[in-house]
Amino acid sequence: MPKVNVISSSSLFTEEETALLTAKGFELMFGGDISESVNSFLSQPPDLLIIEKDLPAAMDKTIIHTITKNLQLALMPIVLVSVKDKESLFCLDWNEYPVDEIFFAGASLQEKIARLDLALKRVEKVADNNPLTKLPGNTSILRHIQAILVRDQNEKQDTMVVGYVDIDNFKPYNDRYGFARGDEVIRMVARIFVNVVNEEAKLKGFVGHIGGDDFVFISPADKADTICQKVLANFSALIPLFIDEEEREAGCFISVDRRGNKQTFPITSLSIIGVMCSPGRYQHYGEVSQVAAQMKKKVKSLPGNNYLIDRRKD
Amino acid sequence: MTDELTEAKRHQIKERLKNIQSLPTIPPIVAKLNKMVEDEDMTATRLGVVIERDQVLTSKLLKMVNSSFFGFPQRISTVSNALVLLGFNVIKTLIVTSSIFEVMQASDVGLWEHSLGCALISSSIARKKGIKNPEEISTAGLIHDLGKVVVRAELPEDFQQLIQYAEKNNVSISEAEQKLLGIMHPEIGAWLAKQWNLPPRLVIPIRFHHNPEQAPEFKDVCAIIHFSNILIRGLGFGYAGDPWVPPLEHSAWEKIKLGKNEMKELLDELELKLLELIDFTSDFTKNSKKEA
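Every residue gets a number counted from 1 within its own chain, in the order that chain's sequence is written. Written order decides the labels, with chains lettered from A and ligands numbered from 1. Local features in this predicted model are restricted to residues of pLDDT 70 or higher, and side-chain atom pairs are both shown and tallied only at a pLDDT of 80 or more, whereas totals for entire chains, interfaces and linings draw on every residue. Think of the side-chain values as coming from all heavy atoms in the structure, minus any hydrogens and water.

Colleague: Help me out: how do you make sense of the domain arrangement of chain A in this one?
Modeller: Often, the extent of an interface is quoted as the loss of accessible area on bringing the components together. Segment limits for the domains were obtained from an automatic or database-derived domain assignment. One can read the domain layout of chain A as domain 1 (3-125) and domain 2 (138-310). Placing the centre of domain 1 of chain A and that of domain 2 of chain A at their C-alpha centroids yields a distance of 35 Å.

Structure, rendered in structure tokens:
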């Protein structure tokens, strides 16, 4: 049953249509008022969002942009509905309205259902995202890295940094606290990265989840230091919440190592490695990850949270 | 009211709480935040400074970050941690869509000031006593009267009756609540906070700020909130719905136990901080009067 949230100030479906849609398997949720429905979809996102065009105070645009900018919600299809007339939907700037589908409130029910179905089907095709963090997965990561490598060297381009992130001692943490809490830590790292990269690099940034406790981010080189520092500061502030009090105070926890021996591990930390990708420096993403692998040994040998950005001049 | 009637009333209130998605707050603080988010260089941290000066917006933020979607159930208890996890865009949406009291009454401002004052004292005591995470204690102090906002916003008719009853019979709002609703604001607030998945470290102090001794856990936090609530009323800052200062529980005082000098230090410190707070709140209420 696809869950569908409807955000509107007027009724977009007649009572009869609502009943028929429910019979078709759509679970429709209408908020009491706009702010209530927004709250409900932010805390429990539906499979699809229907939003009325021209809500008061341009709320429709604000909501649409929030969703599309939120990497975890970006895949949720948005259907824009015009109540006044059909024509106003045909001459929209789709950058201004980054929606997936449109319909006119006065259209036939058949047409409405077809458009909702199509919008839902389309998402299935692009589901490369990590199910835990909803962040883009490997296909998108490779595409993004490759895109910055092949940029035209003749045009003046920003040097970009590709950052590789992983959580130190994550496996023993998982063994000690269980998968559910391990998943929380992974989500926490994902949220921190998304927010810091968004705030610092705006649209030039990217965050992807390779899998497990490995992440990638891309940002302009001049933002990379700030991003790393802020991420590590935020991580240090939050990680104590995921460690039991006694162990937090002791500054370490006991778990088993790879060979199954009991061992004391320091509180979980983050390691970040940044590879400078000036235009033309690397041809293939394999070279980038190779540089990262070399640097990884060095960073991993240091205790606590660390970041290292490769500043070698060719 | 008979037991049966109050039981029915309790049930009715509980049912009502299930559907509460958001609570309204005073317009000037929302107006300020709405202006702030228009600024292109605005950061989540700067928004947080204002958000943590409102009990409704703070609880809304915590509700969001502790929701199942964000995936940190009952884990996050402070605004600064919530900001890091939610990020600017989500916070912006929360602000743009937050609801306000259509008519702001003097008592709304009074309760807001009371909450801020209680938060201020709670965090000062926590720091003095060397309790870890004073920011969390401050949050608990800020949202301890969430139940009162619920009654005011969701049960407006009962709210009017409560005020009239309390005035006519010369009793506290809590007593009126017990008489007319069969349930008091600490329980209402704690129900809602629990439903919103807030951590027990916040839910329990809300529930037991009038009777900290009965708290099953976090007795020290409850005692601090209990005492701060009493002290801020005694100092006469803000208005919590009636002019009465509730009785101090002996065992709570035993837990806090400030010596004569410590108490004097605390009061001196509070005097300065309260002046700052009065500056802050009067700025808000002044401007809103101008706009109105």
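Colleague: Help me understand the packing of aromatic side chains in this model?
Modeller: Each aromatic ring pair is specified by the distance between its two centres and by the angle formed by the two planes. Two rings from Phe, Tyr or Trp (for Trp, the six-membered ring) form a pair when their centres are within 6.5 Å of each other. A pair whose planes differ by under 30 degrees is stacked, one over 60 is edge-to-face, and the rest are tilted. In total, this model carries 13 aromatic pairs over all chains according to the counting rule given. On the basis of an interplanar angle of 90° and a centroid distance of 6.2 Å, the ring pair of A:Tyr173 and A:Phe253 is categorised as edge-to-face. With a gap of 80 residues between them, A:Tyr173 in helix H6 (residues 170-177) and A:Phe253 in strand S9 (residues 252-256) connect regions that are remote in the sequence. Note on accessibility: A:Tyr173 and A:Phe253 belong to one class, buried. Their ring planes at 40° and their centres at 6.3 Å tell us that B:Trp112 and B:Phe280 sit as a pair that is tilted. Taken together, the positions of B:Trp112 in helix H6 (residues 106-128) and B:Phe280 in helix H15 (residues 260-291) put the pair 168 residues apart, joining distant regions of the chain. No difference in accessibility class separates B:Trp112 from B:Phe280, as the two residues are buried. Connected via pairs of aromatic rings, a cluster forms that spans A:Phe170, A:Tyr173, A:Tyr177, A:Phe253 and A:Phe265. Charge-over-ring contacts are defined here by two conditions on Lys NZ or Arg CZ: a distance within 6 Å of the ring centre and an angle within 35 degrees of the ring normal. In this arrangement the basic side chain of B:Arg53 is found over the ring face of B:Phe280, its NZ or CZ atom lying 4.3 Å from the centre. Numbering goes from the N terminus for both helices and strands, where a helix is a DSSP run of H or I of at least four residues and a strand is a run of E of at least two. When accessible area is computed with a 1.4 Å probe and restricted to protein chains, residues below 20% of their type maximum are described as buried, those above 50% as exposed, and intermediate ones as partly exposed.

Colleague: Teacher, can you tell me more about the pairing of strand S10 (residues 262-266) of chain A here?
Modeller: As a general feature of sheets, a regular strand has side chains that alternate between the two faces. All names here are of chain A. Strand direction decides the pairing type here: S9 and S10, joined by 5 bridges, are antiparallel. Residue cysteine 252 lies in a different strand from S10, and its bridge partner there is proline 266. A pair of strands is labelled paired if DSSP reports no fewer than 2 bridges between them. Counting the residues between successive antiparallel strands, the hairpin from S9 to S10 contains 5 residues, one of them, glycine 260, with a positive phi of roughly 90°.

Colleague: What is the right way to read the interface of chain A and chain B from this model?
Modeller: Taken residue by residue, the interface counts 33 residues in chain A and 31 residues in chain B. Buried area between chain A and chain B, both sides added, is near 2900 Å², and the carbon and sulfur share of it is 59%. Contact with chain B buries area across many residues of chain A, yet A:Asn39, A:Leu42 and A:Leu241 alone supply 19% of it, more than any other trio. For this analysis, a salt bridge means a side-chain nitrogen from Lys or Arg found within 4 Å of a carboxyl oxygen belonging to Asp or Glu. At the boundary of chain A and chain B, one finds 3 salt bridges. Contacts are assigned to residue pairs with any non-hydrogen atoms lying within 4.5 Å of each other. Note: buried area is the sum, over both parts, of the accessible area (probe 1.4 Å) each one loses when the two are combined.

Colleague: Looking at this structure, I do not really get the nonpolar core. What am I missing?
Modeller: Proteins that are soluble and globular tend to have nonpolar side chains buried together. To define a nonpolar core, start from buried Ala, Val, Leu, Ile, Met, Phe, Trp, Tyr and Cys residues and group those joined through side-chain atoms within 4.5 Å. Membership of the largest hydrophobic core comes to 157 residues, with the highest contact counts inside it found for A:Phe41, A:Ile63, A:Met188, A:Phe193 and B:Leu47. Those residues in contact with A:Phe193 that sit more than four places away from it in its chain are A:Val165, A:Asn198, A:Val207, A:Phe217, A:Val231, A:Leu270 and A:Ile272. Ranked by size, the runner-up nonpolar core spans 19 residues in total, among them A:Ile141, A:Val275, A:Val288 and A:Met295.

Colleague: Any chance you could explain the sheet that holds strand S12 (residues 306-310) of chain A here in plain terms?
Modeller: Residues and elements named next belong to chain A. What the 5 strands build is an open sheet, ordered S7-S8-S6-S11-S12; its pairing is mixed. The open sheet terminates on both sides in strands that have one partner only, identified here as strand S7 (206-211) and S12. Geometrically, the sheet is characterised by an average inter-axis angle of 20° between neighbouring strands, direction not taken into account. For S7 and strand S8 (residues 214-220), the ladder comprises 5 bridges, and the chain directions are antiparallel. Bridging from a neighbouring strand, glycine 211 pairs with aspartate 214 of S8. Fitting a line to C-alpha atoms yields each axis, with helices limited to the stretch in contact; the angle taken between N-to-C directions then spans 0 to 180 degrees. Its contacts with the sheet put helix H8 (residues 221-238) on strand S6 (160-168), S8, strand S11 (269-277) and S12, and the angle it makes with S8 is roughly 140°. Sitting on the sheet, helix H10 (residues 285-300) is in contact with S6, S11 and S12, with an inclination near 140° to S11.

Colleague: In this structure, what is going on with the sheet that holds strand S4 (residues 78-82) of chain A? I would like to understand it.
Modeller: Sheet strands line up and pair through hydrogen bonds in the backbone, either parallel or antiparallel. Residues and elements named next belong to chain A. If you trace the 5 strands from one edge of the open sheet to the other, you get S2-S1-S3-S4-S5, paired in parallel fashion. Strands with a single pairing partner mark the edges of an open sheet, and in this sheet they are strand S2 (27-30) and strand S5 (101-104). Pairwise comparison of adjacent strand axes, ignoring direction, gives a mean angle of 25° for this sheet. Here S4 runs beside S5; their pairing, made up of 4 bridges, is parallel. Residue pairing across strands places leucine 80 opposite isoleucine 102, the latter belonging to S5.

Colleague: Please explain empty space enclosed by the protein as it appears in this structure.
Modeller: If you roll a probe as big as a water molecule over the atoms, it shows you where there is empty space left. Residue and element names in this part refer to chain B. A 1.4 Å probe that fits into a set of points on a 1 Å grid over the protein atoms alone but cannot get out defines a cavity; an open set with protein on both sides within 12 Å along at least five of seven lines defines a pocket, and lining residues are those with an atom within 4 Å of a point. Grid points are joined across faces, edges and corners, and a volume is the space filled by probe spheres set on the points. One pass over the structure, following the stated rule, counts 2 cavities of 30 Å³ or more. Here the largest cavity defines a volume of roughly 50 Å³. Taken together, Ile51, Leu57, Lys60, Leu61, Ile91, Leu94 and Ile95 make up the full set of residues lining the largest cavity. When contributions to the lining of the largest cavity are tallied by element, the ones reaching two or more residues are helix H4 (55-65) and helix H5 (79-96). Here the residues of the lining of the largest cavity sort into 6 nonpolar, no polar and 1 charged. In this model, the second largest cavity occupies a volume close to 30 Å³. Every residue along the wall of the second largest cavity is listed here: Pro212, Glu213, Lys219, Ala223, Ser251, Ala252 and Lys255. At the level of elements, helix H13 (219-235) and helix H14 (250-256) are the ones that each hand at least two residues to the lining of the second largest cavity. A total of 3 residues in the lining of the second largest cavity trace back to one element, the largest contributor, which is H14. By residue class, the composition of the lining of the second largest cavity is 3 nonpolar, 1 polar and 3 charged. Charged means Asp, Glu, Lys or Arg here, nonpolar means Ala, Val, Leu, Ile, Met, Phe, Trp, Tyr, Cys or Pro, and polar covers whatever is left, Gly included.

Colleague: Just to check I follow, could you spell out the pattern of salt bridges for this structure?
Modeller: Pairing between side chains of opposite charge can happen when their charged atoms approach one another. With the rule as written, the count across this model stands at 32 salt bridges over all chains. Of the charged contacts in the structure, one is a salt bridge between A:Arg115 and A:Glu101, with a shortest N-O distance of 2.8 Å. Here A:Arg115 is found in helix H4 (residues 109-125), whereas its partner A:Glu101 is found in strand S5, with 14 residues between them in sequence. On the basis of relative accessible area, A:Arg115 is assigned to the partly exposed category, the value being 26%. Of the charged contacts, one joins B:Lys132 and A:Glu245 as a salt bridge, the two residues approaching to 3.4 Å between their closest N and O atoms.

Colleague: What's the story with the domain arrangement of chain B in this structure? I'm lost.
Modeller: Residue and element names in this part refer to chain B. Per the domain assignment, the segments making up chain B are domain 1 (23-96) and domain 2 (106-291). For domain 1 and domain 2, the distance between their C-alpha centres works out to 21 Å. In this assembly, 24 residues from domain 1 lie in contact with 28 residues from domain 2. Taking both sides of the interface into account, the surface hidden between domain 1 and domain 2 amounts to around 2400 Å²; carbon and sulfur atoms contribute 70%. By the criterion of area lost to domain 2, the three top residues of domain 1 are Leu23, Arg53 and Gln55, representing 30% of everything that side buries.

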